[in-house]
There are 2 protein chains.
Amino acid sequence: MVQNKAAPFEAALKDAGLRITRQRKAILEVLAAAEDHPDAPELVRRAGKIEPSVSLATVYRTMTVLEEKGVIHRHQFDGESARFETANAPHHDHMIDLDSGQVIEFRSDKIEQLQREIARELGYELVGHKLELYGRRR
Amino acid sequence: MVQNKAAPFEAALKDAGLRITRQRKAILEVLAAAEDHPDAPELVRRAGKIEPSVSLATVYRTMTVLEEKGVIHRHQFDGESARFETANAPHHDHMIDLDSGQVIEFRSDKIEQLQREIARELGYELVGHKLELYGRRR
DNA sequence: GTGCAAATGAGAATGATTTGCAATAAAGAA
DNA sequence: TTCTTTATTGCAAATCATTCTCATTTGCAC
């Protein structure tokens with residue numbers, strides 16, 4: 001049997017007392033399958049193939065709700081509009097290819113550790129962080 | 001004699017073949033004196049005390065020009081509107097106090113170094129980066 | 001002082017995201 | 001299944017930050 005990758009997200013919605021609508025199902029399915037970091041119009045495009053009635057407003061509304069529930073992450077790379085990705089993958093940061101716009105994920109435990117140390121030194125408890133590297137292929 | 005902190009920025013304008021107008025003078029003076037990271041409306045407010053004719057459009061236009069010349073930095077913290085700071089201080093990153101919105105500057109050579117290494121490992125030349133820590137006072 | 005391109009203010013335009021509202025449709029109850 | 005309640009939706013209008021248009025002003029080189 002085919003395993004539905006979107007199932008855990010639907011469960012999260014249900015747990016939060018939210019309804020699982022056709023459009024949310026479609027959006028989550030698309031997001032769960034995405035290898036990249038699509039923005040809102042792109043989600044409308046992709047989800048529209050499954051459920052044509054998905055509107056831009058609903059995508060934004062859904063992203064807001066899911067972000068509050070911690071189910072997805074919203075990224076705002078430099079001048080671009082917001083992009084989204086599911087939050088099920090282990091934590092990582094992003095490197096943005098300045099020429100292609102492509103986003104590469106990476107993770108550095110050392111940097112994570114240093115960040116926590118720096119926050120503590122400054123008298124703060126680290127709640128979140130944003131690390132983006134911008135570069136060009138060499 | 002009182003040293004004009006804005007002088008180097010005016011020089012940069014002149015070098016770039018740009019005109020030193022009353023409004024630019026006022027904006028630069030305010031930015032050079034700022035201990036914080038003001039946004040555009042705040043710059044209008046402060047510069048307006050020196051030169052009342054400073055408009056929002058001019059602040060944005062000036063910030064764009066100065067950013068291109070590398071004289072100032074533009075920051076886009078989480079959901080907020082853009083904030084600015086002069087680029088004369090040595091490079092640093094930012095820690096944002098989630099409760100007060102206050103911005104604390106810090107610098108970590110180790111992290112800078114690690115970032116460069118990571119970029120190289122990924123096959124990229126690091127052109128720029130953005131590191132923001134979000135935390136709460138402990 | 002003159003002349004002219006650069007710069008400005010005011011307000012219109014833009015683009016991304018949000019919101020109001022009437023219509024629709026989940027999901028539990030009957 | 002059908003009924004009821006109320007969350008969710010699409011559409012279009014509204015926001016918000018930022019940029020642009022254009023007529024007018026003003027640095028500044030001569």
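Structure: above.
As a convention, each chain's residues are numbered from 1 in the sequence order in which they are written. Written order determines the labels here, with chains lettered from A and ligands numbered from 1. The predicted nature of this model means local features are confined to residues of pLDDT at least 70 and side-chain atom pairs, given and counted, to a pLDDT of 80 or more, with totals for whole chains, interfaces and linings taken over all residues. The basis for every side-chain value is the complete set of heavy atoms in the structure, and neither hydrogens nor water enter the calculation.

## What to know about the protein's contact with DNA strand D
Neighbouring residues are identified by heavy atoms, a residue being near a molecule or strand if any of them is within 4 Å of it. In the neighbourhood of DNA strand D, 20 residues make up the surrounding shell, with Arg24, Ser53, Ser55 and Thr58 of chain A together with Tyr60 of chain B lying closest. In the interface set of DNA strand D, defined as its atoms within 4 Å of the protein, sugar plus phosphate atoms amount to 67%. A distance of 2.5 Å is found between a phosphate oxygen of DNA strand D and a side-chain nitrogen or oxygen belonging to Ser55 of chain A. Runs of E in the DSSP output that reach at least two residues are strands. Runs of H or I that reach at least four are helices, and both are numbered from the N terminus. Among the elements of the structure, helix H2 (22–33) and helix H4 (56–68) of chain A together with helix H4 (56–68) of chain B are those that each provide at least two residues to the surface near DNA strand D. What qualifies as a polar contact is a pair of N or O atoms within 3.5 Å, subject to a donor-acceptor requirement within protein and to the restriction that residues adjacent in sequence count only when both atoms come from side chains.

## Looking at the packing of helix H1 (residues 7–15) of chain B against helix H2 (residues 22–33) of chain B
Residue and element names in this part refer to chain B. Note on definitions: angles span 0 to 180 degrees between N-to-C directions of axes, and those axes are lines fitted to C-alpha atoms, for helices only across the stretch in contact. Where H1 contacts H2, the axes come no closer than 9 Å and their chain directions differ by 135°. As far as their axial angle goes, H2 and H1 are oblique. Of the two possible hands of crossing, H1 and H2 adopt the one that is right-handed. For the pair H1 and H2, the contacting residues are Phe9, Glu10 and Leu13 in the first and Arg24, Lys25, Leu28 and Ala32 in the second. Ten residue types, Ala, Val, Leu, Ile, Met, Phe, Trp, Tyr, Cys and Pro, are classed as nonpolar, four, Asp, Glu, Lys and Arg, as charged, and the remainder, Gly among them, as polar. Per-class residue counts for the contact of H1 with H2 are four nonpolar, no polar and three charged. By definition in this entry, angles of less than 35 degrees are roughly parallel, angles greater than 145 are roughly antiparallel, angles of 65 to 115 are roughly perpendicular, and the rest are oblique. Crossing handedness follows the turn of the near helix against the far one: under a right angle anticlockwise gives a left-handed crossing, and clockwise gives a right-handed one. The criterion used for residue contact is that any of the two residues' heavy atoms lie within 4.5 Å.

## A look at the protein's contact with DNA strand C
With respect to spatial proximity, 20 residues lie near DNA strand C, and among them Tyr60 of chain A together with Ser53, Ser55, Thr58 and Arg61 of chain B are the closest. Restricting the count to atoms of DNA strand C within 4 Å of the protein gives a sugar and phosphate share of 67%. Contacts to DNA strand C include Arg19 of chain A, whose side-chain N or O atom sits 3.3 Å from a base nitrogen. One nitrogen or oxygen atom from the main chain of Ile20 of chain A is found 2.9 Å from a phosphate oxygen belonging to DNA strand C. Secondary-structure elements contributing two or more residues to the surface near DNA strand C are H4 of chain A together with H2 and H4 of chain B. Take the surface near DNA strand C: its biggest share by element is four residues, from H4 of chain A.

## Comments concerning the layout of surface pockets
In this analysis, the protein atoms alone were mapped onto a 1 Å grid. Cavities are point sets where a 1.4 Å probe fits without being able to get out; pockets are open sets with protein on both sides within 12 Å along at least five of seven lines; lining residues have an atom within 4 Å of a point. Grid points are joined across faces, edges and corners, and a volume is the space filled by probe spheres set on the points. In this structure, the largest pocket occupies an estimated 870 Å³ of space. Considering the residues around the largest pocket, the lining is formed by 33 residues, among which His73, Arg74, His75 and His129 of chain A together with Asp78 of chain B are closest to the centre. Of all the secondary-structure elements, those providing two or more residues to the lining of the largest pocket are strand S1 (72–75), strand S2 (83–86), strand S3 (93–97), helix H5 (109–121) and strand S5 (124–137) of chain A. A per-element tally of the lining of the largest pocket places S5 of chain A first, with seven residues. The residue inventory of the lining of the largest pocket, partitioned by class, reads ten nonpolar, 13 polar and ten charged. Each pocket or cavity is described by its volume, and for the second largest pocket that value is around 660 Å³. Those elements giving two or more residues to the lining of the second largest pocket turn out to be strand S1 (72–75), strand S2 (83–86), strand S3 (93–97) and strand S5 (124–137) of chain B. By residue number, the principal contributor to the lining of the second largest pocket is S5 of chain B, which donates six residues. Residue composition of the lining of the second largest pocket, grouped by class: eight nonpolar, eleven polar and seven charged.

## Regarding the relation of the copies chain A and chain B
The fit set for superposing copies consists of C-alpha atoms from residues with pLDDT of at least 70 in both; the fit itself is least squares. It takes a turn of 179° to lay chain A on chain B, together with a shift of 0.0 Å along the axis; the resulting RMSD is 0.1 Å. The two molecules are tied by a two-fold rotation axis, judged by turn and shift. Taking the C-alpha atom as reference, chain A places Leu131 of chain A closest to the rotation axis, 2.3 Å from it. Looking at the interface residues of chain A, 100% of them are also at the interface in chain B, so both copies use one shared face.

## A word on the pairing of strand S4 (residues 103–106) of chain B
All names here are of chain B. Pairing between strands requires that DSSP locate at least two bridges from one strand to the other. Of the pairings in the sheet, the one linking S3 to S4 comprises four bridges and is antiparallel in character. Residue Asp93 lies in a different strand from S4, and its bridge partner there is Phe106. Taken together, S3 and the strand that follows it, S4, pair antiparallel across an intervening segment of five residues, in which Gly101 is found at a positive phi of about 80°.

## Quick look at the side chain of Arg83 of chain A
Residue and element names in this part refer to chain A. Topologically, Arg83 is positioned in strand S2. Classification of Arg83 by relative accessible area gives buried; the value is 16%. At 2.8 Å, the side chain of Arg83 forms a polar contact with the side chain of Glu80. With sequence-adjacent residues up to four places away left out, Arg83 is seen in contact with His37, Pro38, Asp39, His73, Arg74, His75, Phe77, Gly101 and Val103. To sort residues, take the accessible area from a 1.4 Å probe on protein chains only and compare it with the maximum for the residue type: under 20% means buried, over 50% means exposed, and anything in between is partly exposed.

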